[in-house]
Amino acid sequence: MTLLLLTSGRDPGIVPRNTHPPEPELTDVGSDIGNGQTPQLRLPRTKDVFVNGVIVKVKYCDTCMLYRPPRCSHCSICNNCVERFDHHCPWVGQCIGRRNYRFFYMFVFSTTLLCLYVFGFCWVYIVKIRDAEHSSIWKAMLKTPASIVLIIYCFICVWFVGGLSVFHFYLMSTNQTTYENFRYRYDHRANPYNRGMVNNFLEIFCTAIPPSKNNFRARVPIEQGLQQVRTPARGFMSPNMGKPVGDLELGRKPVSWDEPRSAADIRDLEVGLGGLLDEKEGRIAHASPDLSREAIPVELVEGRAGMHSRRSSWGHRSGTSESMDSIAAQMGTGEANWGSISSGHGHGHGNGNASSTH
């Protein structure tokens, strides 16, 4: 039970994730470039590293945004990259990796010994009953049905845990993992991690266990620029504020969170300004159709046309101040023209009333 707890409750060797992809290295000679690039920043899918004089390829993990160390693999169940990944054991509910492999093997091996112990001593107990009552073995077995159940149970279990113990004994003697044995098959090529049977066992059982790279009790640090701001109208801001937005899997350029939101706000401002100009133009047409056709300056019409044409491409220039200045200038020109038109229109009405009076 102690070995089971040590196996299931210990960090197997989880590699901490990166919050951002690594910077691309242009000097990589042994990198796969081309069709094997990652969809994020055109990083090479694999890199070559030397392990005991042998070239070993390490892969880039899109989930953890890092190049996995040698013998590291990403567990699809735990969703973590684990150092010296062996397998994910559903019976203990934990990945088996660099920091808990020795406890896993001792747990499996001790379970095998326990099955053999129970199986053997159940038979010893039956033989003692037979000798004490001077009866046959079958009658002695009927005297203790619990022993029969345990004999059958241990006989079945010992094939599983015993076979697993023998298999992992072979893996340790050749310094392989279950993942490497099923995927790479070192039978036809040299194993760069094999240092001899004795040294392999010493590496598993006698080396110091490296400390965990994760502090599971620490608070999650807030990235710079990421703040949870509460406003009276909108409540809490999204926790994704400040993070890049975009479809990285499709290779699109990520943009900051504030950029699309600013573009949407400015588009709303443009729509409001366009509606205001439409309303003023409608007033002019309603007051005097001839005046609306003749007295509207060409600059105002061109300004509105230019503003409407810029709406389609506003998202590309949402961060510039030139567009805002041009909109403000157009609004100022429209207000001045509207004032002159209104004053002229009012003056015309005054003359009409005077002539009618006369």
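For the protein, the name recorded in an unreviewed UniProt entry is S-acyltransferase, with Zizania palustris as its organism. Check the Subcellular location (unreviewed entry) section of the UniProt entry for the protein; it says "Membrane". According to the UniProt record, the Catalytic activity (unreviewed entry) comment for the protein reads "L-cysteinyl-[protein] + hexadecanoyl-CoA = S-hexadecanoyl-L-cysteinyl-[protein] + CoA".

A.B. asks: An account of unusual backbone geometry is requested, with residue identities and associated values reported.
C.D. replies: The backbone phi angle of Arg71 is positive, close to 70°, even though this residue is not glycine. Checked against the element boundaries, Arg71 lands in the loop between strand S3 (66-67) and strand S4 (73-75). The buried category is assigned to Arg71, whose relative accessible area is 14%. Not every positive phi belongs to a glycine, and Asn175 is a case in point at roughly 55°. Counting through the fold element by element, Asn175 comes out in the loop between helix H4 (145-174) and helix H5 (178-183).

A.B. asks: Quick rundown of the pattern of salt bridges? Include the residues and the values.
C.D. replies: In a structure, side chains of opposite charge can pair up when their charged atoms sit close to one another. Across all of its chains, the model carries 7 salt bridges by this definition. With a shortest N-O distance of 3.1 Å, Asp48 and Lys57 are connected by a salt bridge. Overall, Lys57 belongs to the partly exposed group, its relative accessible area being 49%. Glu83 serves as the salt-bridge partner of Arg98, at 3.8 Å between the closest nitrogen and oxygen. In this pair, Arg98 sits in the loop between strand S7 (94-96) and helix H2 (101-133) while Glu83 sits in the loop between strand S5 (80-82) and strand S6 (87-89), placing the two residues 15 residues apart along the sequence. Here the salt bridges do not stand alone but share partners, grouping Glu83, Arg98 and Lys213 into one network.

What counts as what
Residues numbered from 1 in each chain as written. Predicted model: local features only at pLDDT ≥ 70, side-chain atom pairs only at ≥ 80, totals over all residues. Heavy atoms only, no water. UniProt positions renumbered as here; feature names shortened; annotations may be inferred. Helix = DSSP H or I, 4+ residues; strand = E, 2+ residues; numbered from the N terminus. Buried < 20%, exposed > 50% of the residue type's maximum accessible area, 1.4 Å probe, protein only. Salt bridge = Lys/Arg side-chain N within 4 Å of Asp/Glu carboxyl O.

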